[in-house]
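Survey of secondary and tertiary structure
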Amino acid sequence: MQESQKIWFNGELVDWHDAKVHVLSHGLHYGTSVFEGIRAYATDRGPAVFHLDDHIARLERSAQMYYMDLPFDHATLRDAVVATIRVNGLESCYIRPIAFRGYGTMGLYPLDAPVDVAIACWEWGAYLGEEGLKNGIRAKVASWRRIGNNTIPATAKAGGQYLNSILAKIESEKTGYQEAILLNEQGYVADGSGENIFVVKNGTITTPPVAASILEGITRNTIITLATDAGIPVREHNIGRSEIYFADEVFVTGTAAEVCPINEIDDHPLGPPGPVTRQLQERFFAITAGKDPRSADWLYYADGKGTGAA
Ligand code: PMP
């Protein structure tokens, strides 16, 4: 990874290599952490964070799910993200806030363990590669099912649940694909290992509903809004496995992956990225570059003046 200089840790900016935890930290043993993935993009006004408030709100909801009281409020966390970007002098970056059960108690009852909070940011290019963004990636339906809503709530972004994504991701890489698509316990399409999925057929976009054991992605909500802006019908509806093989277009969305076309699933070719994927991808990158009317509402500028709308 591309190191930067400082990490915000429990209210202070410390040197990158000094942001350390005890080996008996609760979160390390049981996955009792909640986290976010956020991106800041380069704009004419300097770095701007995409949907910052929505990400912090989701972190707060994830924490609540695990009865974790965050020791910092929303505004403090938002200011801390901005301060971390600025102190590291980054024009664009990936931002990783994490709150975790720290050192002090062992055993499965976590509520007596302290809650530590850190925010790191560093330069991180296209998660599925520039080539993937341009020409699409090859995906595989994982043999692992997505965790069920009554096993671990998929809508909370918690550390432990990512063991599920990690098994699927390893399987897809080892078998020569770039990403895994997970089906849920009912056999319907759920998520990519770190992305939401969209299917285009006969001019209509379908994406799995939140109840299908997906993470309610912030990029997903963005794309639903952009498709609606463009007059493209969007349905949140269960998707069967064979529907993704015979779609006109399939793409995935996520903070790390952005808007990435899929050109092949389980060796069924889907062809080069189609017009709907291209149109939404172009608008997404215009917004994140600060060059679209929506940019004003959805970007939080790190110059201290907040949103463009203010
Ligand atoms: N699904 C899963 C399983 C994820 O890990 C992510 C990444 N956070 C997403 C979907 C996409 O969410 P977002 O657009 O908020 O990054």
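Now for a look at the structure at hand.

Criteria and cut-off values
- Residues numbered from 1 in each chain as written.
- Predicted model: local features only at pLDDT ≥ 70, side-chain atom pairs only at ≥ 80, totals over all residues.
- Heavy atoms only, no water.
- Salt bridge = Lys/Arg side-chain N within 4 Å of Asp/Glu carboxyl O.
- Helix = DSSP H or I, 4+ residues; strand = E, 2+ residues; numbered from the N terminus.
- Core = buried A, V, L, I, M, F, W, Y, C linked by side-chain atoms within 4.5 Å.
- Buried < 20%, exposed > 50% of the residue type's maximum accessible area, 1.4 Å probe, protein only.
- Contact = heavy atoms within 4.5 Å.
- Near = heavy atom within 4 Å.
- Polar contact = N/O pair within 3.5 Å; in protein donor to acceptor, adjacent residues only side chain to side chain.
- Areas by Shrake-Rupley, 256 points an atom, 1.4 Å probe, with all protein chains shown as cover.
- Axes fitted to C-alpha atoms, helices over the stretch in contact; angles between N-to-C directions.
- Parallel < 35°, antiparallel > 145°, perpendicular 65-115°, else oblique.
- Left-handed = near helix turned anticlockwise from the far one by under 90°.
- Nonpolar A, V, L, I, M, F, W, Y, C, P; charged D, E, K, R; others polar.

Here we look at the pattern of salt bridges
This model, assessed by the stated rule, comprises 15 salt bridges. As a salt-bridge pair, arginine 138 and glutamate 264 come within 3.0 Å of each other at their nearest N and O atoms. Taken as a pair, arginine 138 in strand β8 (residues 137-141) and glutamate 264 in strand β15 (residues 258-265) lie far apart in primary sequence, 126 residues in all. Across the pair lysine 169 and glutamate 179 runs a salt bridge whose closest N-O atoms are separated by 3.4 Å.

A short note on the nonpolar core
It is characteristic of soluble globular proteins that their nonpolar side chains tend to be buried jointly. In this structure, Val49, Leu52, Ile85 and Ile95 are the most contacted members of the largest nonpolar core, which totals 27 residues. Going through the elements one at a time, β4 (38-43), α2 (52-65), α3 (74-87), β6 (93-101) and β7 (115-122) are the ones with two or more residues in this core. Among the elements that make up this core, the one with the highest residue count is α3 (five residues). When sequence neighbours within four positions are dropped, the list of residues in contact with valine 49 reads Ile38, Arg39, Ala40, Val81, Ile85, Ile95, Trp298, Leu299 and Tyr300.

Observations regarding the site of the ligand
Near the ligand you find 17 residues, and of these Arg58, Tyr162, Ile218, Thr219 and Thr255 are the closest. Taking lysine 157, its side chain carries an N or O atom lying 2.8 Å from a nitrogen atom of the ligand. A distance of 3.2 Å separates a nitrogen atom of the ligand from a polar atom in the side chain of aspartate 191. In isolation the ligand has 390 Å² of accessible area, and contact with the protein removes 96% of it.

Side note on the packing of helix α6 (residues 218-229) against helix α8 (residues 275-288)
For the pair α6 and α8, the least separation of the axes is 10 Å and the interaxial angle reads 110°. By the angle between their directions, the pair α6 and α8 is classed as roughly perpendicular. Handedness of the crossing formed by α6 with α8: right-handed. Taken together, the residues of α8 that come into contact with α6 (itself represented by Thr219, Thr222, Ile223, Leu226, Ala227 and Asp229) are Leu280, Arg283, Phe284 and Ile287. Split into classes, the residues belonging to the contact of α6 with α8 amount to six nonpolar, two polar and two charged.

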